[in-house]
Amino acid sequence: FEIFKISSMFIVGMVSGLLAGFISGPTELIKCRLQVSGMSGKKQGGNISVIRHIVKTEGIGGMGRGLGVTVSRELISCGFYFSTYEWMIQWFRGPHKRIDELTPFHMILAGGVSGMLSWGINYPVDVVKSRIQIDGMSGPREYTSSYNCFVRMKAVTGWSGLYRGVSATLMRAFPTNAAMLPAYSISLNFLMKLKGERELLY
């Protein structure tokens, strides 16, 4: 295995996760608020309604609720996703095959398994993120920080509570992630064949 390349992909994944986390943080906040809207007796309308309510009650800074833990989730998830995908591709290739000799099945399998692994490792972080983002909707805030939320949840429910719902997430993770990096790899290989390797290698 080319350890340097696998490590490099982990770093590349973390960098992409860092950027994605800052973008997805506010949208995840809106999604979580809408998903539990009405359960607390305070039903909110659509996206704009949620944004207005957050800004009115928490200020513009309220849109950043859970941003730190969202970025952490993306850092971990993307780092493992990219590096595991690279490791599996190297494993399928062995010492003799070129990457463009792999079949789409190999790439789809690598993408799906990588996605499941990254979500499996990272799932408790996602649970904490969601708890933080809906905390205080039906009364006073319960948690002082993401770490406080993690410690208190673990004390009450154990690890099983932090992994509640993981099976459904993993079932979704395989087909979703099976399409992302494999589509990139297949498209790049196609362009390499059209234009010549040396022009498009990175």
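Data block above holds the structure.
Residues numbered from 1 in each chain as written. Predicted model: local features only at pLDDT ≥ 70, side-chain atom pairs only at ≥ 80, totals over all residues. Heavy atoms only, no water.

With respect to the overall build of the chain
The following threshold applies: The way it works is that DSSP assigns letters per residue, a run of H or I at least four long becomes a helix, a run of E at least two long becomes a strand, and they are numbered from the N terminus. Note on exposure labels: buried denotes an accessible area under 20% of the residue type's maximum, exposed denotes more than 50%, and partly exposed covers the range between, all computed with a 1.4 Å probe on protein chains only. The contact criterion used throughout is that any non-hydrogen atoms of two residues lie within 4.5 Å.
Along the chain, the regular secondary structure elements total eight helices and zero strands. Mapped from its N terminus to its C terminus, the chain presents α and β elements in the order α-α-α-α-α-α-α-α. Overall, the chain is about 60 × 35 × 25 Å in size when its C-alpha atoms are taken along their principal axes. Looking at the 202 residues of the chain, the share that counts as buried comes to 38%. Long-range contacts, defined here as pairs at least 24 residues apart, represent 71% of the contacts in the chain between residues at least 6 apart.

Section: the packing of aromatic side chains
One pair of aromatic rings is described through two measures. These are the centre distance and the angle between the planes. What counts, and what does not: Aromatic rings from Phe, Tyr and Trp, taking only the six-membered ring of Trp, are treated as a pair when their centres fall within 6.5 Å; an angle between ring planes under 30 degrees marks them as stacked, one over 60 as edge-to-face, and anything in between as tilted. Charge over a ring is defined by NZ of Lys or CZ of Arg lying within 6 Å of the ring centre and within 35 degrees of the ring normal.
Taken as a whole and judged by the stated rule, the model has six aromatic pairs. Aromatic side chains Phe10 and Phe80 sit 5.5 Å apart centroid to centroid with 85° between the ring planes, which places their arrangement in the edge-to-face category. Placement of the pair is Phe10 in helix 1 (residues 3–36) and Phe80 in helix 3 (residues 67–93), with a sequence separation of 70 residues. Within the aromatic cluster, the residues linked to one another by ring pairs are Trp87, Trp91 and Phe92. Arg172 extends its terminal NZ or CZ atom over the ring of Trp119, reaching a point 5.4 Å from the ring centre.

Some remarks on the environment of Thr70
Along the chain, the position of Thr70 falls in helix 3. Given a relative accessible area of 0%, Thr70 falls into the buried group. Distance from Thr70 to Ile48, taken between C-alpha atoms, is 21 Å for residues 22 residues apart in sequence.

Regarding a nonpolar patch on the surface
Applicable threshold: Here a patch means residues that are over 30% exposed by relative accessible area and free of salt bridges, tied together within 9 Å if like-charged and within 5 Å if nonpolar (Val, Leu, Ile, Met, Phe, Trp, Tyr). Only the protein chains shown count as cover for residues, and the accessible areas themselves come from Shrake-Rupley with a 1.4 Å probe. Only one rule defines a salt bridge in this text: a Lys or Arg side-chain nitrogen within 4 Å of an Asp or Glu carboxyl oxygen.
A grouping of Phe1, Ile3, Trp87 and Trp91 is seen on the molecular surface, where their side chains present a nonpolar patch of about 490 Å² in accessible area. With respect to the helices and strands, Ile3 occurs in helix 1. Ile3 sits in the exposed class, given a relative accessible area of 56%.

A word on helix 6 (residues 166–178)
For the record, the criterion: Helix span is expected to be 1.5 Å times the residue number reduced by one.
Counted at 1.5 Å a residue, the expected span for helix 6 with its 13 residues is 18 Å, and the 18 Å between its end C-alpha atoms agrees. Where helix 6 is buried, its residues touch helix 3, helix 4 (104–134) and helix 7 (180–195).

Notes on the side chain of Ser24
Note on placement: Ser24 falls in helix 1. On the basis of relative accessible area, Ser24 is assigned to the buried category, the value being 15%. With residues up to four places along the chain from it excluded, the contact list for Ser24 reads Thr70, Arg73 and Glu74.

Notes on the state of the cysteines
Inclusion rule: Cysteine sulfur atoms are paired as a disulfide whenever they fall within 2.5 Å.
Taken as a whole and assessed by the stated rule, the structure comprises zero disulfides. Cys32 supplies the cysteine sulfur nearest to Cys78, a cysteine that is in no disulfide, at a spacing of 17 Å. Judged by its relative accessible area of 14%, Cys78 is buried. Free of any disulfide, Cys149 has its nearest cysteine sulfur in Cys32, 12 Å distant.

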